[in-house]
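Notes for the structure review
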Amino acid sequence: MSYTYTKDSKLHCVLCPHHCTLEDGERGICMVRENRQGELHLPFYGVLSAVSNDPIEKKPLYHFYPGSFIFSVGFYGCSFRCPFCQNYRIAQSTNVVDTHSTQPRELVDQALRQGAQAIAYTYSEPLVHFEWMLETAKYARSRGLKNILVSNGYVNPQPAGELLEVLDAANIDLKSFRSEFYQDIVGGRLEPILAFIKKASQKIHLEVTTLIIPGYTDSEQEITDIARFLAELNEDIPLHLSCYYPAFKFDAPPTEASTVFALAETAKQYLNFVYPGNVGLSEVNTYCSACGNTLIRRTGYRVEMPGIKGQSCAKCGQTVPFPVKEMDNFRSPNS
Ligand code: SF4
């Protein structure tokens, strides 16, 4: 298997920055990669926790073929231990009843039969299933499908480079801009994620999500740092500021919607597109960064584009900085 080597009877996994060293029979922090007699064993290869057709806005991806449906697959295990994990039943557990392994070609064929135009690797942490995902993404691309990653971005540069060659879009969680938060709360490091975000912003369509947790990630300075970092890469990168709800080991009350709105205004000082998420808004719109015209109107998962003509703002003519032309090729909930 790629990205591993054995030394004595130990196996060293170099897929993610944890660099687990595994004795025979041991599994890594992610719970899904194992040393079996000196060889890498993947007991959850193709074992899927969910397969579903989702609106792309649910990922969330707001600037990548808005209004389309995406064939989405989920897994088990994760390289992080977030005590506020919203998907902890599949991310923090590998107690799996159905261990059927879906082969990459089988999954792609299923997506094609359902008329999908893209596959999203999502729900739990896809990166720890690198081999399956890479093989599936390569085959999917050969069959004309696009590939979307929804992830914590915790991966080493070499596998990241290989994966980015077959990805088209990603939403990466930037949980905080504080090293201590990653070290003490999540169980990881900040720098590799910033490096992955930087690399992804140069290669594919990228959006970023930050969960606003009261007392942890809700300071103006935190969001200013995140927004500044992204703006230096590209001020058109959409930033989703998502409202925290109690889950797993965290029972603090949900974030006030007013806090999320205020932080969104802070981020807008640096970025052109900032979206509050999970705050119960009936409408979330995208406005032209030049003239303020409403380009896209989202009501729930219903998407309309009253302000886009061709690839430009219908009012001032500024180019819309994300693909809308090919959108017609996708199956839309409005069509
Ligand atoms: S992918 Fe899993 S086994 Fe490999 S280094 Fe990361 S946590 Fe450890």
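Residues numbered from 1 in each chain as written. Predicted model: local features only at pLDDT ≥ 70, side-chain atom pairs only at ≥ 80, totals over all residues. Heavy atoms only, no water.

Regarding the pattern of salt bridges
Summed over the entire model, instances satisfying the criterion amount to 15 salt bridges. For arginine 27, the salt bridge identified is with glutamate 34, shortest N-O distance 2.9 Å. For arginine 27, a relative accessible area of 37% puts it in the partly exposed group. Between glutamate 265 and lysine 268 there is a salt bridge whose closest N-O contact spans 3.3 Å. The exposure class assigned to glutamate 265 is partly exposed, which follows from its relative accessible area of 47%. Overlapping salt bridges bring together Arg27, Glu34 and Arg36 as one network. (Salt bridge = Lys/Arg side-chain N within 4 Å of Asp/Glu carboxyl O. Buried < 20%, exposed > 50% of the residue type's maximum accessible area, 1.4 Å probe, protein only.)

Topic: the side chain of histidine 129
Mapping histidine 129 onto the fold places it in the loop between β8 (118–122) and α3 (130–142). A residue is classified by how much of its surface remains accessible, and histidine 129, at 6% relative accessible area, is buried. From its side chain, histidine 129 meets the backbone oxygen of tyrosine 76 in a polar contact 2.7 Å long. (Helix = DSSP H or I, 4+ residues; strand = E, 2+ residues; numbered from the N terminus. Polar contact = N/O pair within 3.5 Å; in protein donor to acceptor, adjacent residues only side chain to side chain.)

A look at unusual backbone geometry
In the segment running from lysine 59 into proline 60, the intervening peptide bond is cis, with an omega of -5°. With respect to the secondary-structure elements, proline 60 resides in the loop between β6 (50–55) and β7 (69–74). In this structure, histidine 19 is a non-glycine residue whose phi angle is positive, near 50°. You will see that methionine 31, though not glycine, has its phi angle at about 75°, which is positive. As for its position among the elements, methionine 31 is in the loop between β3 (21–22) and β4 (34–36).

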